[in-house]
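A look at the structure
Below are the chains, spelled out letter by letter.
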Amino acid sequence: MSKAGSMQPRERRLSLLVTVLAFALPVIFVLVPLVIFLVYSFFSVDQGTIVYAPTLGNYVRFFTDPIFLPVFWNTVVLCVSVAVICILLAYPAAYFLTTLRGRWRYALLMLLLVPLLMSYVIKIYAIRSILGLNGFLNKALVAIGILQQPSTLFVFNMNAILLTLSLLLIPFAILPIFLSLERIPQTLLRASDDLGASGLQTFLRITLPLSLPGVASAASFVFVLAIGDFLTPQMVGGISGFTFGRILYSQFGTAYNWPFGAALSVALAIVVICAILIGERFGRSRGTSV
Amino acid sequence: MNALPRPSTIFLAAITTLVAVLLYSPLFVPIVSSFFTISHGDVDWSSPTLSTYRALAENHDILAALRTTLIVGLCTVVLSVVSGTLLALYYHGRRSGRSILQFIIFLPFLMPPIISGLALLIFFREIGLERSLLTVVIGHTVFVLAIVYRTVLMRLQSMSRTLVEASYDLGATGWQTFWRIILPNLSSAMVGGAILAFALSFDETMITILVTGTQSTLPVRLWAMMRLGFSPDINALVALILMFTVLLCVLAARFLIPRQMATERS
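For clarity, every value in this text was computed on a predicted model and none was experimentally measured.

Digging into the overall build of chain A
Within chain A, the secondary structure is distributed over 12 helices and 2 strands. In chain A, the order of α-helices and β-strands from amino to carboxyl end is α-β-β-α-α-α-α-α-α-α-α-α-α-α. Scaling as 2.2 N^0.38, a compact globule of 290 residues should have a C-alpha radius of gyration of about 19 Å, whereas chain A reaches 25 Å, well beyond that. The burial tally for chain A puts 43% of its 290 residues in the buried class. Sequence-distant contacts, at least 24 apart, represent 72% of the contacts inside chain A between residues at least 6 apart.

Considering the overall build of chain B
Secondary structure summary: chain B contains 12 helices and 2 strands in total. Counting from the amino terminus, chain B carries its helices and strands in the arrangement α-β-β-α-α-α-α-α-α-α-α-α-α-α. The globule rule puts the C-alpha radius of gyration for 266 residues at 18 Å, and the 23 Å found for chain B is more than 25% above it. Residue pairs in contact within chain B that sit at least 24 positions apart in sequence constitute 80% of those at least 6 positions apart.

Things to note about the nonpolar core
Residues and elements named next belong to chain A. With 147 residues, the main nonpolar core has A90, L169, A173 and V222 as its most contacted residues. Both of domain 1 (4–40) and domain 2 (66–283) provide at least three residues apiece to this core. Sequence-distant contacts of L169, defined by excluding residues within four places in its chain, comprise V82, C86, V222, L225 and A226.

Topic: the UniProt feature "transmembrane region" (unreviewed entry) in chain B
Residues and elements named next belong to chain B. If you check UniProt for "transmembrane region" (unreviewed entry), the listed places come out as residues 65–91, 103–124, 136–156, 177–200, 206–224 and 236–257 in our numbering. Helix makes up 100% of residues 65–91 and strand 0%, with an end-to-end C-alpha separation of 37 Å. For the annotated span residues 136–156, helix accounts for 100% and strand for 0% of the residues, and the straight-line distance between the end C-alpha atoms is 30 Å.

Details of the confidence of the model for chain A
Scored by pLDDT, chain A has a mean of 86; 95% of the residues are at 70 or more. Long-range and interchain partners of residues 1–5 of chain A, a stretch whose pLDDT sits below 50, account for 1 contact in this model, where long-range means more than four residues apart.

Overview of unusual backbone geometry
Backbone phi values are negative for most residues with the exception of glycine, while trans is the configuration of most peptide bonds. Residues and elements named next belong to chain A. The residue F156 is not glycine, and still its phi comes out positive at about 50°. Looking at where F156 falls in the secondary structure, it is placed in the loop between α6 (136–144) and α7 (158–182). With 19 C-beta atoms counted inside 10 Å, the residue F156 sits in the partly exposed group.

Structural notes on the confidence of the model for chain B
All names here are of chain B. For chain B, the mean per-residue pLDDT works out to 84, and 91% of the residues sit at or above 70. Below a pLDDT of 50 lies the segment residues 262–266, which in the model reaches 4 contacts outside its immediate sequence neighbourhood of four places, other chains included. The ipTM, which scores confidence in the relative placement of chains, is 0.85 for this predicted complex, and the corresponding pTM is 0.86.

Remarks on the interface of chain B and chain A
Accessible area lost during the coming together of the parts is what is often quoted as the interface size. Taken together, the contact between chain B and chain A spans 60 residues of the former and 68 residues of the latter. Of all the elements in the fold, those that place two or more residues in the side of chain B that touches chain A are α1 (6–35), α3 (60–91), α4 (98–110), α5 (113–126), α6 (133–158), α8 (174–203), α10 (218–226) and α11 (233–256) of chain B. Among the elements that line the side of chain B that touches chain A, the one with the most residues is α1 of chain B, at 15 residues. Of the residues in the side of chain B that touches chain A, the class split is 50 nonpolar, 7 polar and 3 charged.

Details of the environment of V137 of chain B
Here V137 of chain B shows up in helix α6. The spatial distance from the C-alpha of V137 of chain B to the C-alpha of L79 of chain B is 8.8 Å, given a sequence separation of 58 residues.

Comments concerning the packing of helix α3 (residues 68–99) of chain A against α7 of chain A
All names here are of chain A. Interhelical geometry of α3 versus α7 gives an angle of 40° and a closest axis separation of 6 Å. The angle between α3 and α7 falls in the class oblique. Pair α3 / α7 crosses with right-handed handedness.

Some thoughts on the packing of α4 of chain B against α6 of chain B
Residues and elements named next belong to chain B. Running from N to C, α4 and α6 point in directions that differ by 120°, and their axes come no closer than 7 Å. One element, α4, and the other, α6, form an angle in the oblique class. In this structure, α4 meets α6 at a crossing whose hand is left-handed. For the pair α4 and α6, the contacting residues are I105, F106, P108 and F109 in the first and V142, F143, L145, A146 and Y149 in the second. When its residues are assigned to classes, the contact of α4 with α6 shows 9 nonpolar, no polar and no charged.

Regarding the environment of I247 of chain A
Residue and element names in this part refer to chain A. Following the sequence through the fold, I247 ends up in helix α11 (residues 244–251). Along the chain, I247 and V71 lie 176 residues apart, while their C-alpha atoms are 8.8 Å from each other. Among residues more than four places away in sequence, those in contact with I247 are V71, F242 and L264.

Calculation rules
- Residues numbered from 1 in each chain as written.
- Chains lettered and ligands numbered in written order.
- Predicted model: local features only at pLDDT ≥ 70, side-chain atom pairs only at ≥ 80, totals over all residues.
- Helix = DSSP H or I, 4+ residues; strand = E, 2+ residues; numbered from the N terminus.
- Rg over C-alpha atoms; globule rule 2.2 N^0.38 Å.
- Buried ≥ 20, exposed ≤ 12 C-beta atoms within 10 Å, placed from the backbone.
- Contact = placed C-beta atoms within 7 Å.
- Core = buried A, V, L, I, M, F, W, Y, C linked by C-beta atoms within 7 Å.
- Domains from an automatic or database assignment.
- UniProt positions renumbered as here; feature names shortened; annotations may be inferred.
- pLDDT = per-residue confidence, 0-100.
- Nonpolar A, V, L, I, M, F, W, Y, C, P; charged D, E, K, R; others polar.
- Axes fitted to C-alpha atoms, helices over the stretch in contact; angles between N-to-C directions.
- Parallel < 35°, antiparallel > 145°, perpendicular 65-115°, else oblique.
- Left-handed = near helix turned anticlockwise from the far one by under 90°.

Structural data, given as structure tokens:
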């Protein structure tokens, strides 16, 4: 493979073309739109038309207007709660999977991941009908006797968004936790057993610390997906469940203020990048080769 | 992991069952109602019917949306597999500029879809491209490219270099080596990537809503219908899509899980 030396001019031009193409595609369709978007956040709107003069007005408005920061903060809290719920449910399930042998382990994993591929809109709709006033959840709670009569606790409010997002995103938490649990060497667990540790001690001192990287990536996954979702809150949140994604989306619809929407997106992107970085930082397992 | 005593195993199994029930209940509702009539929140188990499926066959609105979705999906698959494979081939074994471009390719997948979608929306407006199926296809391709690229690149990295070297030693030209050695070795990864790309495109809702024109794909159509409530034939559609999805999953697993692991398990 004597390449560079014996290259003909024609070949060299071809390889230059390939290089330009390889760089051009991602740059044109990903980087350029994002940069334009960022630049837009410094524009403003006057009487329905966009004013192409740089201003910090959108960012000032975001920080000073009494509406946006509280909604932003509430949405962050909501999405952290979604992540916590997902992990509390996903961890035991993922752990159970690793106790299974051979094909059962992967068959069950597949079973828990398949709902991911199922139509997202339909799932939201079905969950909404389950949570609704005449829905299954209310019927079950009344039947058990926890509630006297059907309650509107889970209809068109923040609770509804919390439950729906958690239900939608559990599989995203199962996979990373399962992978990190599966990577723990069996010898460590056996050694701990040999040294006289109880099952609980082994879990708390060996398994749990070594699986924390998986938990961190799961949390960051779920958080990022939850905070970027604007359809679920729109559908199950009603009037009281107002999230940041909905405000952002409305800037491109009814409110019609693209530059301000772009500024809100920048705020969203910063939170998402932080979440991804935190997930990366703690998601790197240090001791896998032990 | 036999260290745990019995009660904890039961507890774990119970939670796992709960999770499975939670995950499948939203799918269960429309499937049951595709075969049975539901009135006032109660299922009438006595009379199974296929009428919803017949109604679906006559719902031209939904069928048109389904056809649009399939067209978008196929275009996305072709575009993303071709460009993803070329990019993987190009960056494989090349250091300069790879990490930064890889980062750019992964951005639309990492960023919330609302950000990718809005960025594209503004971009299309600035370059004067009307919103249409073309913009939807571009949006989907940008979104799924990372998956195809990564799938193919991983296969390339696990491919033994000696194969390529042997081909050159035996006097094959660069093109011959590519067609006879590299491409056949990549084919299953490309098929697996294509299936994943199609599945993602088929259900993509958020980017599509932002960049679509007058023609809507199935998820967007369903989204628009949801405000008013669904007609029963939608349930039939959901049941069919679920079956189709499970089939895709099984296929994807066949192509993506390495042979060794598959034989070990069977």
